[in-house]
Every structure is written in C-alpha cells, then in structure tokens.
Amino acid sequence: MSESQPTLSLVGEPTAPNLDRLERPAFAVYEGPISADGKTFRAGTWFHGIKHSNGDEAGQPYDVWICAPLHVDAETVNSDDGSVGRLLRFRHRGRSVEHVMPMEALAGKGEEVLKALMRQGLEIEYNQRRHVPAYIASHHGLDRILATTTRPGWHDTSGAFVLPNRIIGDADVRFQDSGKAAHLFTERGTLEAWQAEVAHYCQGNPVLILAVGCALAGPLLSRVGVNGGGVHLVGDSSSGKSLAQSLAASVWGNPGVFAASWDMSKGGIEIEASSRNDTVLILDEIKRADPKRVQEMAYAIANGTGKGTMTREREGRPKLYWRVLALSSGERSLSEHAAISGNSAHAGAELRMVDVNAGTRTYRAFDDVHGTDGASFHRRLTTAASQHFGQIGPAFVERLVTESDPDHFHRRFKEVRQRFETSSPQAGRVADRFAVIGLAGELGIEYGLLPWPPTSAARACRQLFLEWLASVGDGNAEDRQILAALSDFIALHGDSRFSDIAATLPNPNVRHRAGYFEIDNGKRLYLFNRASLAEAADGYGRARIIRTLETSGVLAKSDGNRHQKNYRLPGGGSARFFVIDPDKLDSDRGAT
C-alpha cells in the first residue's frame with residue numbers, strides 16, 4: 001500500500017452536527033464532535049486522506065487526528081522588517097492562545113513552529129506531528145491581513161500601544177516574539193490596592209514620586225517630542241534607592257522580574273531597552289557595570305539605536321530601536337564610576353544620566369515616612385509592590401489613546417515645562433526630562449490613577465531638578481568639566497610641575513614641566529604650556545579648551561589678540577604661555 005500525494009485544501013469549520021460527505025484529501029478543524037461518512041470525529045484538527053493500492057482506483061479513505069483545534073486566522077506582516085507570517089489560534093485549559101508564526105519557521109521540517117506551539121500548550125499527536133506544518137502551510141490567500149511588531153510600545157502605523165499580552169487601542173495589530181523571552185508585563189492584585197498601599201505613601205517623597213512618574217512617562221516621550229535618557233539615584237547602600245526602583249517597576253509588572261541590572265554588556269543593554277520600549281528601563285547598582293563601557297551604555301540608552309551587525313551574507317541586520325527613560329541607581333555617580341577605569345567623564349554622558357540625591361534627605365532617600373520609621377516604611381512599600389503590580393501602566397495608556405487632539409500633550413507639556421527655568425540648552429534638555437516625568441504624574445492625577453493632590457508631581461520633579469541644577473550649574477557642561485580639570489591639575493601638580501618664572505635659573509627639581517607660575521599682586525597665576533593644557537583637559541581639543549578659557553574669563557594676561565603671553569625664561573630664552581587665574585576656575589565651579 002502506498003499513500004497518495006494529496007492536494008491540500010482547508011475545509012471550513014462546520015457548524016452542523018453532521019456532514020453529508022468529507023472532502024478528501026483535505027484538512028479540517030472541528031470545535032466539537034462531528035459526524036460524517038458514518039463516523040464520529042472528536043474535536044481537533046484532522047487530515048482526511050485516501051490510500052491507494054495497486055489496481056484500487058477508488059482508494060481507501062483514512063482519517064488522522066493531528067492536534068487540538070488549531071486555526072489559521074490571518075496573514076501577518078512584520079512592521080519592523082516586512083517578514084510575513086501567520087496568526088495561529090488555539091485553546092489551552094480554557095484559555096485562548098494566539099501565536100504569530102513567521103513563515104520561515106516552516107522551512108525544513110518545521111520543527112521551530114512545533115516547538116513554539118508545544119511550548120504554549122497545543123496538544124499534538126506526536127506520531128502525526130509532521131502534518132502540523134503542512135496544515136499551516138496549506139493556507140494561502142487569506143483575506144485578513146494584520147501588522148505585527150517585535151517591540152512593545154507605540155505602533156506608529158496603527159496608533160495602538162502594543163504589549164505582549166494585550167493591545168491597547170482599536171487596531172488589528174499583534175506582538176510577535178519567539179515565546180522564549182521572560183514575561184515582563186504581568187499583573188497581580190488590583191489597581192485600587194496599589195493606589196492605597198503604594199501610591200498613597202509616595203506623597204511627600206519627591207524621589208518616590210519621580211520614580212513612579214518616570215515609569216509612566218515612557219509612553220509620553222513620542223507624544224511631546226522629548227528624547228530618552230535617564231535619572232540616576234545616588235545614595236549609600238540601603239538608603240531606599242532600590243525601593244524607588246521597585247515602585248517604578250510595579251507600574252508595568254513584577255518588580256522582581258521587570259527591573260534589570262547594570263551587570264550586562266552593551267548588547268545586553270540594547271536588548272533590555274528594546275524589550276521595554278516606550279515604558280521604563282530600570283537598572284540597579286551601577287557598580288556592577290563595566291567602568292570602561294558605562295558612559296557608552298548611557299549614550300546608547302538615550303540615543304535609542306542599537307549597533308549595526310552583518311549577516312553571513314554581509315547584509316545588514318535590522319537594528320534594535322527603543323525610546324525609554326531609564327531609572328538607575330548606585331552608590332556612585334556615573335562619572336565617579338567611569339573614573340575607576342581611568343576614564344574622564346564625558347559631559348554628554350552625565351547629561352544623559354543625571355544624578356538625583358537619594359541618600360541625604362530627611363530619611364536618606366525619603367522625606368516623609370508617614371509616621372513610621374525608615375525601616376518599617378521600606379518594608380511596607382516593598383511588600384505592597386510585590387503584591388500589587390502591572391495595572392496602572394496599561395490603565396494610563398488606555399487614557400492616552402482616547403485623546404484625539406494631536407496637540408493636546410504638546411500644550412500640556414509646555415505648561416509644565418515653563419516652570420523649569422534654565423538658561424543653557426544643555427540644562428534645558430535635562431529640564432525637558434524632569435518636566436515630562438512631572439507631566440506624566442499630573443496626567444495620572446487627572447485620570448484618577450494617582451491619589452495625589454494636583455500639581456504635587458510637577459512640584460516634586462521641579463524640586464529635584466533645582467537640586468541637580470544647584471549642584472552642577474546652568475552653564476555649559478563641557479565648560480564645567482574643562483575648568484574642573486584645570487583646577488584639579490593645578491591642585492595635583494602646582495608645586496611639582498610648575499616653578500617661579502621670576503627665578504634666575506630653572507628649578508632642577510621640576511620634572512615633566514607643565515609651565516611656570518608668577519606672583520601678581522600677591523596672587524599666583526599659572527603659566528601653562530600648550531602640552532600641559534591639553535594634558536590637563538584630556539579628551540578635549542585645544543581650540544575647545546581655549547574657547548572655554550575665553551568665555552569664562554580665566555585667561556589673566558595675553559599679548560594683544562593672542563591667547564598667550566610671551567615670557568622670558570629662567571636661564572635665558574622666551575616662550576608663550578596660557579596665563580590661568582586659578583581663582584576664576586574655583587569661582588566658576590562654585591557658581592555653577
């Protein structure tokens with residue numbers, strides 16, 4: 001006996017309890033028992049075939065149960081790379097399961113799709129498993145076509161907000177993944193309990209209000225035109241930083257799962273950021289990060305674009321993209337951690353991950369412990385956040401998608417942003433970040449999701465922004481770093497690498513000379529040669545350093561329009577030097 005090669009076709013789902021005849025060879029899906037050809041077929045996906053033997057023209061019918069009812073509902077097109085797939089649907093223990101299968105999973109023997117379906121609970125007759133890929137592949141020219149995406153967050157084409165377990169907004173779009181990733185967006189408890197046991201106790205605590213607002217602000221970034229970036233909670237161990245991060249994580253999922261760690265590569269950061277697109281990336285303990293790469297990772301988080309890679313065919317793979325705010329923590333600032341490796345901090349990295357004081361407030365990270373002590377307050381909120389999570393983030397987005405005026409959020413952001421006064425563009429970008437976090441909190445209050453008084457979220461964010469501004473200043477960040485580097489260089493080498501220009505002979509004890517000093521009206525001025533100026537402000541070009549010296553009024557003397565002044569050298573000869581007033585360095589740092 002030999003089995004014929006059938007032309008596969010799909011029999012629609014019959015609704016009558018009996019069929020006059022079965023089409024063969026063909027696949028059929030039955031949601032319940034059905035009678036046909038004198039037989040009763042249980043619910044499932046069946047293959048009705050015909051076996052032919054020599055001289056037997058009619059053939060013998062046979063029937064094979066392949067798996068539980070499996071429906072191919074639509075053709076899918078991935079919005080990220082254009083790849084085509086199928087939307088599959090089945091039930092497992094009373095729960096409807098959807099799976100977006102890329103067509104490439106059917107290549108070869110189709111083992112990838114079998115793994116994915118079995119992983120999610122589809123009952124398959126093991127000895128007939130080879131029929132499952134063939135059944136799926138038999139669906140051609142499907143009328144329904146829907147979009148898919150591999151990233152959570154806003155789906156630009158449809159306007160929906162996509163989460164792995166739900167679609168917010170009226171759009172026919174689905175989330176597509178392998179099914180192997182951790183389930184980040186989960187729910188437990190109730191929103192009402194989260195409001196009463198978590199959000200209520202954030203009142204009076206700017207750091208906690210900032211953390212919750214940071215988690216809610218992710219969906220607003222694209223709506224108000226603010227770039228990603230982060231805030232970095234700085235404080236000693238056990239100060240309450242991790243609690244603030246747990247509360248932020250509870251906005252979208254289980255704090256123990258949703259939060260990530262700095263202990264990963266730059267590629268890992270890209271994956272974690274993309275998997276939390278348009279929400280929040282929580283990174284615990286910066287001391288776990290590679291000091292040599294931490295600034296590069298901060299840039300990557302803010303810029304939102306992954307590193308390009310190539311296939312074996314030397315074709316570019318699709319890059320990862322994301323749009324997130326990061327909530328980081330550590331006992332050291334980003335610049336202090338980077339300095340461990342000997343790298344000087346880049347102003348751009350510091351602006352992309354700005355420090356927030358979460359260690360020297362009234363109760364370390366807290367300002368108000370609501371009538372308890374710090375330890376009890378910490379335990380109460382930690383327990384509550386582990387029992388109630390994952391509701392407010394989706395509920396917040398449900399309100400956002402109902403807003404039909406495209407300028408509404410821009411207007412609201414402008415109203416909040418005008419309270420964050422700045423003069424420099426760099427401080428202005430940081431102000432944008434604090435303002436969008438404040439706006440998220442204010443919208444949460446207006447939507448009835450956060451039990452806080454009106455304006456309290458914006459005021460808390462403004463308070464923390466002003467604290468940051470007071471610590472670093474409103475001037476140019478690169479200028480601050482250059483001036484600080486020169487001041488530190490003088491403090492380290494003032495007597496070992498500089499000597500008196502008025503001396504008769506060179507000082508033989510000075511090695512690796514950086515220049516000289518002169519006494520002018522009782523004040524010591526430092527005369528930097530060109531090499532030492534570049535050494536002191538390592539990482540900046542000489543033209544950039546000189547521009548800072550000019551705009552900051554640090555150059556005490558010069559010859560006409562030159563930036564340097566010519567001096568006679570001890571022992572004979574002459575040279576030009578940059579004449580630095582160290583008091584201007586220190587006063588500028590103090591002012592900023």
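Remember, it's a predicted structure, so these values are computed and weren't measured experimentally.

Each value, and the rule that gives it
Residues numbered from 1 in each chain as written. Predicted model: local features only at pLDDT ≥ 70, side-chain atom pairs only at ≥ 80, totals over all residues. Heavy atoms only, no water. Helix = DSSP H or I, 4+ residues; strand = E, 2+ residues; numbered from the N terminus. Rg over C-alpha atoms; globule rule 2.2 N^0.38 Å. Buried < 20%, exposed > 50% of the residue type's maximum accessible area, 1.4 Å probe, protein only. 1 Å grid on protein atoms, 1.4 Å probe; cavity = no way out; pocket = protein on both sides within 12 Å on 5 of 7 lines; lining within 4 Å. Points joined across faces, edges and corners; volume = space filled by probe spheres on them. Nonpolar A, V, L, I, M, F, W, Y, C, P; charged D, E, K, R; others polar. Pairing = 2+ DSSP bridges. Axes fitted to C-alpha atoms, helices over the stretch in contact; angles between N-to-C directions. Salt bridge = Lys/Arg side-chain N within 4 Å of Asp/Glu carboxyl O. Polar contact = N/O pair within 3.5 Å; in protein donor to acceptor, adjacent residues only side chain to side chain. Contact = heavy atoms within 4.5 Å. Expected span 1.5 Å × (residues − 1). Parallel < 35°, antiparallel > 145°, perpendicular 65-115°, else oblique. Left-handed = near helix turned anticlockwise from the far one by under 90°. pLDDT = per-residue confidence, 0-100. Phe/Tyr/Trp six-rings, centres within 6.5 Å; stacked < 30°, edge-to-face > 60°. Lys NZ or Arg CZ within 6 Å of the ring centre and 35° of its normal.

Visitor: Explanation requested: the overall build of the protein chain in the structure shown.
Guide: Scanning the protein chain from N- to C-terminus turns up 20 helices and 26 strands. Taken over the C-alpha trace, the protein chain has a radius of gyration of 33 Å; the compact-globule value for 592 residues is 25 Å, which it surpasses by more than 25%. Along the first, second and third principal axes, the C-alpha atoms of the protein chain reach 120 × 60 × 45 Å. For the protein chain, buried positions account for 50% of its 592 residues.

Visitor: Would you mind showing me how to read empty space enclosed by the protein here?
Guide: Unoccupied space between atoms shows up once a probe the size of one water molecule is rolled over them. By the definition in use, this model includes one cavity of 30 Å³ or more. For the largest cavity, the calculated volume is near 40 Å³. Along its surface, the largest cavity is lined by L163, N165, R166, F185, T186, E187, W252, G390 and P394. The residue inventory of the lining of the largest cavity, partitioned by class, reads four nonpolar, three polar and two charged.

Visitor: Teacher, can you tell me more about the sheet that holds strand β26 (residues 574–580) here?
Guide: The strands that make up a sheet pair up through hydrogen bonds in the backbone, lying either parallel or antiparallel. Read from one edge of the open sheet, five strands run β22-β23-β24-β26-β25, paired in mixed fashion. If you trace the sheet from one side to the other, it starts and ends with β22 (498–500) and β25 (565–568), each paired once. Averaged over all pairs of adjacent strands, the angle between their axes in this sheet comes to 45°, without regard to strand direction. As paired elements, strand β24 (residues 523–528) and β26 share three bridges and run antiparallel to each other. Paired with L527 across the bridge in β26 is V579.

Visitor: I would appreciate a short explanation of the pattern of salt bridges in the present structure.
Guide: Oppositely charged side chains can pair when the atoms bearing their charge come close. As enumerated under the stated definition, the model contains 32 salt bridges in all. The shortest N-O distance in the salt bridge between R576 and D559 comes to 3.0 Å. Of this pair, R576 sits in strand β26 while D559 sits in the loop between α19 (542–551) and β25; the two residues are 17 residues apart in sequence, bridging distant segments of the chain. Salt bridges sharing common partners tie together R24, D37, K39 and D63.

Visitor: Whenever I open this one, the environment of E192 confuses me. Can you help?
Guide: Along the chain, the position of E192 falls in helix α3 (residues 191–197). Look at E192 and you get exposed, because its relative accessible area is 54%. Along the backbone, E192 and Q295 are 103 residues apart, and their C-alpha atoms lie at a distance of 40 Å.

Visitor: In this structure, what is going on with the side chain of E518? I would like to understand it.
Guide: Its location among the elements puts E518 in strand β23 (residues 515–520). The exposure class assigned to E518 is buried, which follows from its relative accessible area of 12%. A polar contact of 2.6 Å, which involves the side chain of E518, links it to the side chain of Y567. Residue contacts for E518: discarding those within four places in its chain leaves I501, K523, R524, L525, L527, K557 and Y567.

Visitor: Looking at this model, I keep getting lost on the sheet that holds strand β15 (residues 166–168). Mind explaining?
Guide: Strand order in this open sheet of three strands is β13-β14-β15, and the pairing throughout is antiparallel. Here the strands that pair on one side only, and so sit at the sheet edges, are β13 (153–154) and β15. Looking at chain direction, β13 and strand β14 (residues 161–163) are connected through two bridges and run antiparallel. Considered in β14, the bridge of W154 is made with F161. Sheet strands in contact with helix α13 (residues 392–400) are β13, β14 and β15, and its direction is about 35° off that of β15.

Visitor: Sorry if this is basic, but what is going on with the pairing of strand β9 (residues 71–78) here?
Guide: Looking along a regular strand, one sees side chains alternate from face to face of the sheet. Counting buried positions along β9 yields six of eight residues, so the element is predominantly enclosed. What sits between the antiparallel neighbours β9 and strand β10 (residues 84–92) is a turn of five residues, in which G82 has the positive phi angle 80°.

Visitor: Got a minute to help me understand helix α4 (residues 206–217) in this structure?
Guide: An α-helical turn contains 3.6 residues, so a residue and the one three or four places further along point in the same direction. In this model α4 runs 16 Å from its N-terminal to its C-terminal C-alpha over 12 residues, within 8% of the 16 Å that 1.5 Å per residue would give. The element α4 is largely enclosed, with a buried count of 12 among its 12 residues. Within the sequence span of α4, burial applies to P206, V207, L208, I209, L210, A211, V212, G213, C214, A215, L216 and A217.

Visitor: What's the story with the packing of helix α6 (residues 241–249) against helix α12 (residues 374–387) in this structure? I'm lost.
Guide: The description of two packed helices rests on the angle between their axes and on the distance between the axes. Following both chains from N to C, one finds α6 and α12 inclined at 25°, their axes separated by 10 Å at the closest point. When the interaxial angle is binned, α6 and α12 end up roughly parallel. For the pair α6 and α12, the sense of crossing is left-handed. Along the contact surface, α6 presents L243, S246 and L247, while α12 presents H378, L381, T382 and A385.

Visitor: Mind showing me how you'd approach unusual backbone geometry here?
Guide: Note: most residues except glycine have negative phi, and most peptide bonds are trans. The step from R24 to P25 runs through a cis peptide bond, and the omega angle for that step is -10°. Looking at where P25 falls in the secondary structure, it is placed in the loop between β3 (18–19) and β4 (26–30). Despite not being glycine, S238 shows a phi value in the positive range, around 65°. In this structure S238 comes out as exposed when scored by relative accessible area, which is 63%. In this model, D278 sits at a positive phi of 65°, which is unusual for a non-glycine residue.

Visitor: Before we go on, may I ask you to explain the pairing of strand β7 (residues 44–52) in this structure?
Guide: For β7, the tally of buried residues reaches seven of nine residues, placing the bulk of the element in the interior. Across five bridges, β4 lies against β7 in antiparallel orientation. Paired with Y30 across the two strands is G44, which belongs to β7. Bridge analysis of β7 against strand β8 (residues 60–67) gives seven bridges, and the strand direction is antiparallel. Across the sheet, the residue bridging to W46 is W65, located in β8.

Visitor: Would you mind going over the confidence of the model for the protein chain with me for this structure?
Guide: Keep in mind that low pLDDT regions are not for reading the predicted coordinates in detail. Scored by pLDDT, the protein chain comes out at a mean of 90, with 93% of its residues at no less than 70. In this model residues 1–16 is a low-confidence stretch, pLDDT under 50, and it forms 35 contacts with partners more than four residues away in sequence or in other chains. This model gives residues 587–592 a pLDDT under 50, and the stretch forms 12 contacts once residues within four places in sequence are excluded.

Visitor: Mind showing me how you'd approach the packing of aromatic side chains here?
Guide: For any pair of aromatic rings, geometry is given as the distance between the ring centres together with the angle between the planes. Enumeration according to the criterion identifies 22 aromatic pairs in this entry. With a centroid separation of 5.7 Å and 55° between ring planes, the pair formed by F434 and F465 is classed as tilted. Within this pair, whereas F434 is found in helix α15 (residues 425–446), its partner F465 is found in helix α16 (residues 456–472), the two being separated by 31 residues in sequence. The pair formed by F434 and F465 is uniform in burial state, with each residue classed as buried. The structure contains a cluster of three or more aromatic residues connected by ring pairs, namely W154, F161, F185, W252 and F258. Residue placement shows R524 over the ring face of F517; its charged tip is 3.7 Å from the ring centre.

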